[in-house]
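Examining the three-dimensional arrangement
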Amino acid sequence: SMLMKNADAAMYRAKEKNPNAYEWSTPSMSADALERHAIEQELRKAGARNEFVLHYQPQVNLGSGEVVGIEALLRWDHPTRGMVSPAEFIPLAEETGLIVGIGEWVLRTACRQNKEWQLAGYQPVRMAVNLSVSQFMQDNIVEIVSGILEETGLEPRYLELEITESVAMRNADKVSVKLEKLKNLGLQISIDDFGTGYSSLSYLQQFPINRLKIDRSFVNKVTQSEDDAVIASSIIAMAQSLKLEVIAEGVETAEQFDFLRRRACTEMQGYFFSRPLPAGEIVELLRCTEEA
Ligand code: C2E
Ligand code: CA
Ligand code: CA
Ligand code: CA
């Protein structure tokens, strides 16, 4: 990973001095720990320094071609490291508990932005926000979400919470109680990265969810791998039988797009239609209410 480059360099320097050193000898471990510590300190200050930004990726209805939703994706605009991907810092943010505060900022910013677009005369769309595991496990997550909806004035049906299949599978009883409470606020719920966790049909049925998001790893290869094509097709069929909507993520090619449309997948998201964009650019893809 980009953030670990310095630690790697330190390890190579240590090995140069002592060629017999084990790959992960003490000097490299401490360099690694130091690097982590430095990033953690920066991560702690990033919020107050306004270094977090959201990018937005459209979700498109496969039948009409219209943008019906938007996923908010977090970026860290770091003064020296540049735009840092969430894959680089979410795990650390999760371990340190910093994700809770960051996640709340994401939720508030995304809801406020969606409300602003509606007030500016754009056709209303869903705003999907990723909930991390520790955020979801918070005792007061329902109060936090309802507070933010109230504060921003966003109608709950225009908010969608994405939880990953692995989070949903942790403790089915607890998770379904919590999802029920969130759903009762009037918002929508989707299961992210679906297909990676081998959830059974009966497992899914106890959750009050609106849609499944087929994981990018299957969508990626539907036109190359027979296995992935079968998995994607069965997820779509399963969703239909459970009366759930299904969205394919990571759609990059016209072939993948055609494959999904032929199988009556409801929606898609991916570079084929648009990359995640800053707020100012994505509005160009939204329709105005007057045109409707
Ligand atoms: P995710 O929720 O599965 O989000 C989809 C990821 O796939 C995004 O990466 C998106 O930019 C990328 N993507 C979308 N379409 C395509 C495509 O056609 N091809 C390829 N190759 N990639 C595509 P991103 O933005 O780097 O986010 C990575 C992960 O970080 C997310 O995966 C999510 O798990 C996490 N994340 C992002 N924002 C947040 C957040 O606000 N809170 C939490 N807890 N996690 C977040
Ligand atoms: Ca997601
Ligand atoms: Ca996903
Ligand atoms: Ca993913």
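Note that the structure is a prediction, hence the values are computed from the model and not measured.

**Examining the overall build of the chain**
Looking only at helices and strands, the chain features 13 helices and 10 strands. Of all 292 residues assigned to the chain, the portion counted as buried reaches 48%. Put simply, 68% of the contacts in the chain that link residues at least 6 apart link residues at least 24 apart. Accessible surface computed for the chain: about 14400 Å², of which carbon and sulfur atoms make up 51%.

**Quick look at the coordination of the calcium ion (ligand 3)**
Asp192 (OD), Asp193 (OD), Glu249 (OE) and Glu249 (OE) make up the full set of protein donors to the calcium ion (ligand 3), lying at 2.3 to 2.5 Å. Spacing between the donor residues of the calcium ion (ligand 3) along their common chain follows D-D-x55-E. In this structure, the calcium ion (ligand 3) is positioned 3.9 Å from the calcium ion (ligand 2), and both are ligated by Asp192. Exposure remark for Asp193: the relative accessible area of 25% places this residue in the partly exposed category.

**Here we look at the pattern of salt bridges**
Considering all chains together, one arrives at 18 salt bridges under this definition. With a shortest N-O distance of 3.6 Å, Glu104 and Arg108 are connected by a salt bridge. Here Glu104 and its partner Arg108 are both found in helix α4 (residues 98–119), four residues apart, which amounts to about one turn of the helix. Since its relative accessible area comes to 24%, Glu104 is described here as partly exposed. Residue Arg108 is classed as partly exposed on the basis of its relative accessible area of 24%. One network of salt bridges, in which partners are shared, links Arg126, Glu160, Arg211, Glu245 and Glu267.

**Notes on the nonpolar core**
One finds Leu159 and Leu212 to be the most contacted residues of the largest nonpolar core, which totals 82 residues. The element that contributes the greatest number of residues to this core is α4, accounting for eight residues. Non-local contacts of Leu159, meaning those with residues more than four positions away in its chain, are made with Leu107, Cys111, Met127, Val129, Val145, Leu149, Leu154, Leu187 and Gln188.

**Some words on the pairing of strand β6 (residues 188–194)**
Most of β6 sits inside the fold, with six of its seven residues counted as buried. Two strands pair when backbone bridges link them, and strand β5 (residues 159–164) and β6 are joined in this way by five bridges, in the parallel orientation. When the sheet's bridge partners are listed, Glu162 is paired in β6 with Ser190.

**Observations concerning the site of ligand 1**
Lining the immediate surroundings of ligand 1 are 21 residues, of which Arg75, Asp192, Arg216, Glu252 and Tyr271 lie closest. Within the side chain of Gln57, an N or O atom sits 3.1 Å from a nitrogen atom of ligand 1. Elements with a contribution of two residues or more to the shell around ligand 1: β2 (67–78), α3 (86–96) and β6. The biggest single contributor to the shell around ligand 1 is β2, with four residues. A per-class count over the shell around ligand 1 returns eight nonpolar, six polar and seven charged.

**Focus on the packing of aromatic side chains**
Evaluation of the coordinates by the stated rule reveals six aromatic pairs. Ring centres 5.3 Å apart and planes at 70 degrees place the aromatic pair Tyr56 and Trp117 in the edge-to-face group. Here the residue Tyr56 occupies a position in strand β1 (residues 52–61), and Trp117 occupies one in helix α4, the gap between them amounting to 61 residues. Grouping residues by exposure puts Tyr56 and Trp117 together as buried. Ring geometry for Phe257 versus Phe272: centroids 5.2 Å apart, planes at 45 degrees, classification tilted. Here Phe272 lies in the loop between β9 (267–269) and β10 (277–278) and Phe257 lies in helix α12 (residues 254–262), a separation of 15 residues in the sequence. Judged by relative accessible area, Phe257 falls into the buried class, the value being 16%. When its relative accessible area of 35% is taken as the criterion, Phe272 is described as partly exposed. Three or more aromatic residues joined by ring pairs form one cluster here, namely Phe52, Trp76, Phe89 and Trp105. One cation-aromatic arrangement involves Arg263 over Phe259; the distance from NZ or CZ to the ring centre is 3.6 Å. The cationic tip of Arg275 hangs over the ring face of Tyr271; the distance from NZ or CZ to the ring centre is 3.9 Å.

Reading the values: rules and limits
- Residues numbered from 1 in each chain as written.
- Chains lettered and ligands numbered in written order.
- Predicted model: local features only at pLDDT ≥ 70, side-chain atom pairs only at ≥ 80, totals over all residues.
- Heavy atoms only, no water.
- Helix = DSSP H or I, 4+ residues; strand = E, 2+ residues; numbered from the N terminus.
- Buried < 20%, exposed > 50% of the residue type's maximum accessible area, 1.4 Å probe, protein only.
- Contact = heavy atoms within 4.5 Å.
- Areas by Shrake-Rupley, 256 points an atom, 1.4 Å probe, with all protein chains shown as cover.
- Donors = N, O, S within 2.8 Å, 3.2 Å for Na, K, Ca; no water.
- Salt bridge = Lys/Arg side-chain N within 4 Å of Asp/Glu carboxyl O.
- Core = buried A, V, L, I, M, F, W, Y, C linked by side-chain atoms within 4.5 Å.
- Pairing = 2+ DSSP bridges.
- Near = heavy atom within 4 Å.
- Polar contact = N/O pair within 3.5 Å; in protein donor to acceptor, adjacent residues only side chain to side chain.
- Nonpolar A, V, L, I, M, F, W, Y, C, P; charged D, E, K, R; others polar.
- Phe/Tyr/Trp six-rings, centres within 6.5 Å; stacked < 30°, edge-to-face > 60°.
- Lys NZ or Arg CZ within 6 Å of the ring centre and 35° of its normal.

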